[in-house]
Every structure is written in structure tokens, then in C-alpha cells.
Amino acid sequence: MARWCYRHRLVVLLIWVGAVFGLGFAGSAAGTDYANTFSLPNTDSTRAYDLMEKAFPQSSGDTDTVVWKVDDGTVRDESVRSRIEPKLAEIAKMAGVGEVTSPYAADGAGAAQISENGRIAYAQITFTEQANGVPKATVEDVVETAQAAERDGLQVELGGQAIARTEEAPAGIAETVGILAAAVVLFLAFGSLFAMLLPLVVAIAALGTGLMATSLLSHVTDVPEVAPLLGSLIGLGVGIDYALFIVTRHRRGILRGMKPEDAAVTALNTSGRAVLFAGGTVCIALAGMLVMNMRFLDGVVVATSLTVVLSVLAATTLLPALLGLLGMRVLSRRQRRRLAATGPESAEASGLAARWSSYVERRPRSTAAMALVAMLILAFPVLSIRLGATDQGNRQESTTTRQTYDLLAEGFGPGFNGPLQVVVAKGDANALVATIRTTDGVAQAAAAPPSQGITVIQVVPTTSPQSKATDQLIDRLRDEVIPASGAEAHVGGVTAIFKDFAAVTGDRLPYFVAAIISLGFLLLMVAFRSLVVPLTAALMNLIAAAASFGVLVAIFQWGWGTELLGIGKEGPITAFLPVIMLSLLFGLSMDYQVFLVSRMHEEWVHTKDNARAVRVGLAETSRVINCAALIMICVFSAFVLSGDLEGAMAGIGLAAAVALDAFILRTALVPAAMHLLGNSNWWLPAGLEERLPHLAVEPKEDPEATEPARPTGSASVVHGYVRDAEGAPVEGATVTLRSKGGRQLDRVTSLADGSYILSVPAPGAYLLAATAVSYGSRARQVTVEDGPLVYDVELSEASEASEEEAAR
């Protein structure tokens, strides 16, 4: 398929352009129909909501609030009424507004809407539709009209779900900033404008089709409004990363002497297969959310999985076509000149990555210990995690919704922003109201006129919606007060709904984690024919999750830096966020594990030497993994600018998770642990080996098309390090293997970390010689048996060597 896409690049490009514009036109014409429901079946708050919807269908529209405060006098003063009343009357006449409940009502019914000190009052605006169905222009007219009443000494603010839509950041800002940041990282990594553009074009094509397809799906299934944001977040990240892995492999093939078409085919047949496998693991991790049995999450699974699938499709079809268009221009001009002047580069990794890989091999215990301690310290805050709901009190102080929240709390008590609704189906509602009023934690309670035998009691707690005391009050009403009254009643309201959501999430989260870890374990076991590798991956994923949630708790729950980041006031972690974050985190972690271990596994299959497999795998993949992680961090962090607190939480949490996973776990802890575990990394019981299906993530490459051939059959290798007397690596040493008769069999040059590898045709005795500039020569006889031989060479400086020779 890769070769077909490469050769028929114009056809592939036309298909993708048609898909992007076609879906874009269809999505724009159809619009969106996103749902915002957090209700859960078989919970007390859902029963309360169902009863209210049946008895009071006319109250189904969104209700928002206008609140005003005077510095001097009271809100009853004529100078205040003359400014506020006409504006409320004007709002009541607007299309889309059902009714306006004013504190200045002639019958005195609105007296309770004025604070005790008379300085703060509020009016309620009920729209004819729910918040997401109210035209944004209507809401903006309401805000503009109400705030036109302001003057010196009179403050007017508005709050509510519909009003909050006017404070949303313009669509696309977070995505644009993330793409620009990724472009900078890609340019620094590739040094080529064309190579930089490839991952961006692929990611944008996948994201565009994914978002448009999601908007169309919102008409046929429940897709929550947060789903496109999360789809953008994961789509941009994986779209750029998948293309990055393939382009990196493609460029490496060209630099090692392959033709562009062959390099593209090889890249898709190796890294492309890993992308397919990695995309599948991300989708499986996302599908794990279905275990939670929450309708709200089903739409999130659809949106995010669809975007990931399209990202994989773009990377495996659109990208080869783009590579065909660029040809050699995928390399920078300097790389093309160097390739023409000096020929193909060495197939062995060198530079900082090779030196770090060598360091981890020499000091695995200390490396693992330091990495583990760092992760445990960062994970410590997770012990105090508290799930709940964010509200408009968590927004930035400059927003009108936050000002409204604070003014209502000041004038009517902190619990006014999160009233409870006790819905009475049977029994004496008046007696229940009297009992509730005397209950600890209740500021006030009042019953509305009954409808169809249903009575709603409005209960205002003495504490804020996010307080633990409010949760305790809900439990007290459900477990003690209502049963003791003999009435059939249910506690509902937004605060109760989110409390139930957090409780259900906490109960089902262990099953969700067990499901995605088990599926990931099985996939890795089949792919790498090992029990230890997937077990290590599962443990590392749990450590990464704990550390990333520790960072999330410190920032958003403890408030370390929330105002600095411009994301508002601290509060509990949104109840649904752990499920979504764990799905994305486990999927992305599996991506990095697949790309890292697939290269190690490939080397293990060739040499059966665990130390070399881990060293080579880390040296050749750490740079691209770190580059991919840096791009992910830029993309995720940019979602702080989305204007959505849940989006900011997910962005910061995932950015922290990716940083810790790539720079600490995959670069240090995982390879150090694999060095310590030795050959047991690749152990699989013989009986299980026979029963497992064979799934190759990275197939063995064609020696003629890629790298120099390795010995096969009875052939083996001699490998190790060339070091000086103090143990420092010697780069550029010439290492030669000769037969007993003196015939040269193989000759290589040591790399930056001093490593070398020589091909041995068959077991037997050989002469191994090493020499380097400024050093003496060293020759020794080595005996190679059935497996690879590890042999380190120590060279002395030239002067020391001369003295030794003279003494002899």
C-alpha cells in the first residue's frame, strides 16, 4: 500500500482534499447538536431529575442570573430601580427569553431576591432552550443590555451556563498555538522546512476530518460538548507524533543510502506498522471507558477514537503521497550536500543518545533508583485527590460569571450557588420542609407549589457546592432525614448530580483500570513474546498515572500556580477527568513503549544479547521519542488557552504525564530495569508461546534495502566497548577480527560511547585487534561459542604503551 500511495500520490492527495472539504461542507451545513448530560441511571439525583422533568416541563429551559450591587444605599432606591427595571423589561421581550423573575415584582414575590443588607439583588432569566441551544447572539444581547445599566457605584454581573458561552475563547486558539509550537520543535529537529510541514499537514488533515465527522455524529448519537475539545487534544498529539516517527525513519533510510521510494516503503513497513499497532492500543485504551457504563463517556469514546483512527489513516496513506512529492527535499540542503560528498552515514547510532544509553547500561541501579524516587515524590499529592465538579466559582476573577458567583455568595451565603432540590413524590411535603430547615448544614428551605402531585423543595446549604460539608449534607438528607419523614423523596440538583457522578466514577474506576491494563498486557505479550516486558509496561503506566495526577492535584486542587497560569481558583478535580486522562495516558504510554521496545526486540531477535538490545534500542529511539514528547507537551499545554477549565486540566495533566513518561520512565527507568532483569525480559513459557498468535510489530528488514546484513545460521558476533585505562570510552578506534591464519574477517570503528560489534562467521578461536590515534595497539585471542561474545578492550595511551613494550 505504501508503494502504491507513493507512486499514485496525486490521486491520494485529491482523495484527502475531497474528504476534508466534503466533510467540512457537510458539517457546516448540518451544524452541531452536542449534548450536555451528566445524569446517571439508577442514582438518586437522576430519579429526582426525571420526576421534575415530568411535573415541570415548562422549566426545562436554561435559567441564568443577573445580579447587581450598590456601594451606597440599597437596591430598592429609586435611582437603582430606574436603571435596572427597564433593562429587565427589555430582556423579557427578547426572542428566546421565556420569562424574567424580578425582585421588584409588584406583588412582593421577589423580596427574597434581595439580600438582608439590601445592597445585593438578583433576577432570574429563563430561556426557552437549554444553554447549548440558545443562540449566542441572543445571550450576547442579554449581557450587553443588562450591563448597560451600570454606573459608578452600581455593579451589574451575569452568570449561568448560557452566559458562560460568551466567555469562551475563540475556537481554534489552543489548536493554533499548539501547532505553531510543534512547528518550532519540528524545524529544530529536522532542520528542513518541508520535513517540518509533513507531520503538521498530516495532523491537520486528520483533525479536520475527525472534528467534522464528530459534528455530524452528534445528530445521531449523544456526543458531549467537551468531546471535540478532547478529540482535538488527542488528535493533534498523536497525528503529529505518528507522522514524526515515520518521517524520521524515512529520512534515516535516505541518509543511509536508500532511494526515496524504497526508504518510504521501508519506513511504512517498519515504523508504519508500529503506528498501526500504537493507534490500535490507543483506541483500545479509549474504549476502556465503555466499562464505566456512562452515556456521557460513550460520546467521548466515539469522538476521540474516530480522530485517532483518522490520524493513523492519514499517516499511512497521505504521508507516503507527500513523501513522494518531496523526494530528496525531505532532507535539509546541508544533509543533501553531505550525502553527496561523503556518501551514506553509519548505521550505528551516535551522539548524546548513544552516550546516555551507555551510561544507563553501566549504572542501571542508580539510574533506576533516582528515576523512581522522582516519580514517587511527584505522585505524593495524589493521596489527597478529591473528585467533584468545577463551577463558575473556579473561573478567573476578571470574568462576569465569577463576579456573579462571588456576589451571590456574599449576599445570600456560599450555598446559594449550589442549591439542592428535594423532589417529593409521596408523603407530607410540608412536614419534610420543616424537618429539613432544622437539619445541620441547611441555611434555608422552601417548597414550590406542587404540580401533578410532585413537590420540589429548594434547599440552600450553609456551605459552598464544592465543600465536603455539602456532600455530607446530601448524605444526611438521603440516609437520615428523608427516611425518617416517611416520605418518598429524592435529592437532586447540579451539586447532587456531580456528587453522584464522582461516587460512581470512584466505584467503577478500579474495573476500568484493570480492563485497560489487562488489554495492554495481552497486546504487548503477543507482540513481543514476553511476560516481563508487558508486566514492566503496566507497572510503569501506573507509576506515570500516579505522578501525573499528583501534579494535577498540586496545581488545580492545592492551587499551586493556578492564578499564575490564568486558570482561575483551585477546586476539586473534575469527576470524569480521571477516566478520560487514564485512557489517553495509557494509550500514549503504550505508544512510546511500542516504539522503544520494538527496536530492542528487533535487536534481541538478531543477537540474543539483552544488554546490546536495550542499549541499541534506547540509543536509536530516545531522541525521536523525546522529540515526539516535546511536541505533545506543547500541544497539550496550549489547551490552557481554550478557556475551558476541564480542557486546561486535561491539557496540563497530559502534558505532565507525557513529560514524565518520556523523559524519566522511557529514557531512564524502563531501560535501567530491563538491564537489571537481563535475558528474563524476553522469557515466555514454551506452552504459551505455542498458543499465542504471531503479531510482528517491526518485521525483519530486507538487508539489501536497509542496513548491512547480520550473520545468520551458525554465525555470531563479538561486541563490547573500547575504553582507556580510566574507563572512558574511546571513539574512532579501529577494531579488527582476524582468523588464526591472519585473514581479516571484519573491521569496524568504535562509536562515541566506545561500542563496537564484529560479525563472526562460525564458532571458534579468532584474533581481535584494536588501535586508535594517541593510543597503543592491543591484540588478544578470543574464543566464540554458540552465542554472542561480550569482550571489552582497554587501550593505554601511546607513551604508556611504549614503556610497556620497552620493558618487555
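Residues numbered from 1 in each chain as written. Predicted model: local features only at pLDDT ≥ 70, side-chain atom pairs only at ≥ 80, totals over all residues. Heavy atoms only, no water.

Thoughts on the overall build of the protein chain
Here is the rule we go by: By the criteria applied, helices consist of DSSP H or I runs no shorter than four residues and strands consist of E runs no shorter than two, each listed in order from the N terminus. Here, residues are in contact when the closest pair of their heavy atoms is within 4.5 Å. The Shrake-Rupley method, run with a 1.4 Å probe, gives the accessible areas here. Residue values count only the displayed protein chains as cover. Charged-residue counts in this description rest on Lys and Arg as positive and Asp and Glu as negative, His and the chain ends being excluded. Just so you know, the charge point we use is NZ for Lys, CZ for Arg, CG for Asp and CD for Glu.
The helix and strand inventory of the protein chain stands at 25 helices and 18 strands. For the protein chain, the spread of C-alpha atoms along the three principal axes comes to 115 × 55 × 55 Å. At a minimum sequence separation of 6, the contacts of the protein chain that also span at least 24 residues come to 76%. When the accessible area of the protein chain is evaluated, it comes to approximately 34000 Å², of which 57% is carbon and sulfur surface. Between the centroid of the 61 positive side chains of the protein chain and the centroid of its 78 negative side chains there is a distance of 10 Å.

Here's the deal with unusual backbone geometry
Note the following rule: For each residue, the accessible area found with a 1.4 Å probe, counting protein chains only, is set against the maximum for its type, and the residue is called buried under 20%, exposed over 50%, and partly exposed in between.
For Gln 452, which is not glycine, the phi dihedral falls at a positive 55 degrees. Secondary-structure assignment places Gln 452 in the loop between strand 7 (442-447) and strand 8 (455-461). We classify Gln 452 as exposed; its relative accessible area is 61%. Unlike most non-glycine residues, Arg 529 shows phi in positive territory, near 50 degrees. If you trace the backbone, Arg 529 turns up in the loop between helix 18 (494-528) and helix 19 (532-557).

Focus: the pattern of salt bridges
Using the following cut-off: Definition used for salt bridges: Asp or Glu carboxyl oxygen within 4 Å of a side-chain nitrogen of Lys or Arg.
According to the stated counting rule, one finds 14 salt bridges in the structure shown. The residue Arg 81 makes a salt bridge to Glu 85 at a minimum N-O spacing of 3.4 Å. One end of the pair, Arg 81, and the other, Glu 85, are both in helix 4 (residues 78-92), four residues apart, so they sit about a helical turn from each other. Judged by relative accessible area, Arg 81 falls into the partly exposed class, the value being 26%. In this structure, a network of salt bridges that share partners links the residues Arg 3, Arg 7, Glu 261 and Asp 262.

Examining a positive patch on the surface
This is how it is decided: Residues enter a patch when their relative accessible area is above 30% and they make no salt bridge; the linking distance is 9 Å between like charges and 5 Å between nonpolar side chains (Val, Leu, Ile, Met, Phe, Trp, Tyr).
Taken together, Arg 333, Arg 334, Arg 337 and Arg 338 make up a surface patch of like positive charges. Within the secondary structure, Arg 333 is located in helix 12 (residues 333-342). A relative accessible area of 63% places Arg 333 in the exposed class.

Considering the packing of helix 7 (residues 173-190) against helix 9 (residues 227-255)
The condition that has to hold: Note on method: axes are straight lines fitted to C-alpha atoms, helices fitted across the in-contact stretch only, with angles between N-to-C directions ranging 0 to 180 degrees. Note on terminology: angles under 35 degrees are roughly parallel, angles over 145 are roughly antiparallel, angles of 65 to 115 are roughly perpendicular, and the others are oblique. Should the near helix be turned anticlockwise from the far one by less than a right angle, the crossing is left-handed, and should it be turned clockwise, the crossing is right-handed. Three residue categories are used. Nonpolar comprises Ala, Val, Leu, Ile, Met, Phe, Trp, Tyr, Cys and Pro, charged comprises Asp, Glu, Lys and Arg, and polar comprises the others, including Gly.
Interhelical geometry of helix 7 versus helix 9 gives an angle of 15 degrees and a closest axis separation of 11 Å. Accordingly, the angle class assigned to the pair helix 7 and helix 9 is roughly parallel. The crossing of helix 7 and helix 9 is right-handed. Each of Glu 175, Ile 179, Ala 182, Leu 186 and Phe 190 in helix 7 lies in contact with helix 9, whose residues at this interface are Ser 232, Leu 236, Ile 240, Leu 244, Val 247, Thr 248 and Arg 251. Class assignment of the residues belonging to the contact of helix 7 with helix 9 gives a composition of eight nonpolar, two polar and two charged.

Focus: the sheet that holds strand 7
Across a sheet, strands are paired by hydrogen bonds formed along the backbone, either parallel or antiparallel in direction. To keep it simple, the criterion reads: Paired strands, in this sense, are two strands between which DSSP finds at least two bridges.
Spatial strand order, 7-8-6-9: four strands in an open sheet with antiparallel pairing. Where the open sheet ends on each side, the last strands, each with one partner, are strand 7 and strand 9 (488-492). Each adjacent strand pair in this sheet contributes to an overall mean axis angle of 20 degrees, direction not counted. In this sheet, strand 8 lies alongside strand 7 in antiparallel orientation, the contact comprising five bridges. The partner of Ala 447 across the bridge, within strand 8, is Ile 457. Those strands touched by helix 3 (residues 44-55) are strand 6 (420-426), strand 8 and strand 9, and its axis lies near 105 degrees from that of strand 9.

Some words on the sheet that holds strand 12 (residues 734-738)
Strand order in this open sheet of four strands is 13-12-15-16, and the pairing throughout is antiparallel. Each edge of the sheet is formed by a strand with only one pairing partner; in this case those strands are strand 13 (744-749) and strand 16 (778-784). Neighbour-to-neighbour, the strand axes of the sheet open up by a mean angle of 20 degrees, direction not taken into account. Sheet analysis places strand 12 next to strand 13, joined by five bridges and oriented antiparallel. For Arg 738, the partnering residue across the bridge sits in strand 13 and is Gln 744.

Considerations on the side chain of His 490
Mapped onto the elements of the fold, His 490 is located in strand 9. Taking the relative accessible area as the measure of exposure, His 490 reaches 13% and is therefore buried. Ignoring any residue separated from it by four or fewer positions in sequence, one finds His 490 in contact with Asp 44, Arg 47, Ala 48, Leu 51, Gln 421, Val 422 and Val 423.

Looking at the packing of aromatic side chains
We count it as follows: In summary, the pairing rule links any two rings of Phe, Tyr or Trp, Trp by its six-membered ring, whose centres are within 6.5 Å, and it sorts them by plane angle into stacked for under 30 degrees, edge-to-face for over 60 and tilted for everything else. In our convention, an over-ring charge means Lys NZ or Arg CZ found within 6 Å of a ring centre and within 35 degrees of that ring's normal.
Overall, the coordinates contain seven aromatic pairs when judged by the stated rule. Taking 5.7 Å as the distance between ring centres and 20 degrees as the angle between the ring planes, the aromatic pair formed by Trp 604 and Trp 682 counts as stacked. Of this pair, Trp 604 sits in helix 21 (residues 577-607) while Trp 682 sits in the loop between helix 23 (645-677) and helix 24 (686-691); the two residues are 78 residues apart in sequence, bridging distant segments of the chain. In terms of burial, Trp 604 and Trp 682 fall into one category: buried. Grouped by ring-pair contacts, the aromatic residues Tyr 122, Phe 412 and Phe 416 constitute a single cluster. A cation over a ring is seen here: Arg 9 above Tyr 6, with NZ or CZ 5.6 Å from the ring centre. Looking at Arg 329, its charged tip hangs above the ring of Phe 194, at a distance of 5.5 Å from the centre.

Considering the environment of Ile 84
Inspection of the secondary structure puts Ile 84 in helix 4. Each C-alpha atom of the pair Ile 84 and Asn 541 lies 57 Å from the other, and the pair is 457 residues apart in sequence. Ignoring sequence-local partners within four residues, the contact set of Ile 84 consists of Trp 68, Tyr 104, Ala 149, Leu 154 and Val 156.

Observations regarding the nonpolar core
Stated formally: Side-chain atoms within 4.5 Å are what join buried Ala, Val, Leu, Ile, Met, Phe, Trp, Tyr and Cys residues into a set we call a nonpolar core.
Grouped together as the largest cluster of nonpolar side chains are 163 residues, with contacts concentrated most on Met 289, Phe 512, Phe 556, Tyr 592, Ile 631 and Phe 636. At 19 residues, helix 23 tops the list of elements feeding residues into this core. In this view, Phe 512 contacts Ala 285, Gly 288, Met 289, Val 291, Met 292, Val 579, Leu 582 and Ser 583; residues no more than four positions away in its chain are not counted. Judged by nonpolar contacts, the second largest core, of 27 residues, contains Val 80, Ile 91, Val 97 and Ala 123.

A closer look at the packing of helix 7 against helix 8 (residues 193-217)
At a closest axis distance of 8 Å, the pairing of helix 7 and helix 8 adopts a crossing angle of 150 degrees. One element, helix 7, and the other, helix 8, form an angle in the roughly antiparallel class. Both helix 7 and helix 8 take part in a crossing whose hand is right-handed. Packed against helix 7, whose contacting residues are Glu 175, Ile 179, Ala 182, Ala 183, Leu 186, Phe 187 and Phe 190, the element helix 8 presents Leu 193, Ala 195, Met 196, Pro 199, Leu 200, Ile 204 and Leu 207 at the interface.

Details of the environment of Ala 537
Structurally, the position occupied by Ala 537 is in helix 19. Using a relative accessible area of 1% as the deciding quantity, one classes Ala 537 as buried. With residues up to four places along the chain from it excluded, the contact list for Ala 537 reads Leu 524 and Gln 593.

Thoughts on the confidence of the model for the protein chain
Close inspection of predicted coordinates is inappropriate for parts of the model with low pLDDT. Our working rule: Known as pLDDT, the predictor's per-residue confidence is scaled from 0 to 100.
Of all residues in the protein chain, 90% attain a pLDDT of 70 or more, and the chain-wide mean is 82. Averaged pLDDT values for the elements of the protein chain fall to 44 in helix 25 (residues 798-807) and rise to 93 in helix 14 (residues 364-379). Confidence drops under a pLDDT of 50 for residues 700-713, and excluding neighbours within four residues, the segment shows 21 contacts in the predicted structure. This model gives residues 799-808 a pLDDT under 50, and the stretch forms two contacts once residues within four places in sequence are excluded.

Side note on helix 22 (residues 610-637)
Spelled out, the test is: To obtain the bend at a residue, axes are fitted to the seven residues ending there and to the seven starting there, and the angle between these axes is taken. In protein, a polar contact requires one atom able to donate a hydrogen and another able to accept it; more generally it is a pair of N or O atoms within 3.5 Å, and residues adjacent in sequence count only if both atoms are side-chain atoms.
If you look at helix 22, its biggest bend is around 40 degrees, right at Thr 621. Counting buried positions over the 28 residues of helix 22 gives 23, a clear majority of the element. Of the residues flanking the start of helix 22, the one acting as N-cap is Asp 609, its side-chain oxygen 3.2 Å from the backbone nitrogen of Ala 611.

Brief notes about the environment of Val 223
Tracing the backbone shows Val 223 in the loop between helix 8 and helix 9. You can call Val 223 buried: its relative accessible area is 1%.

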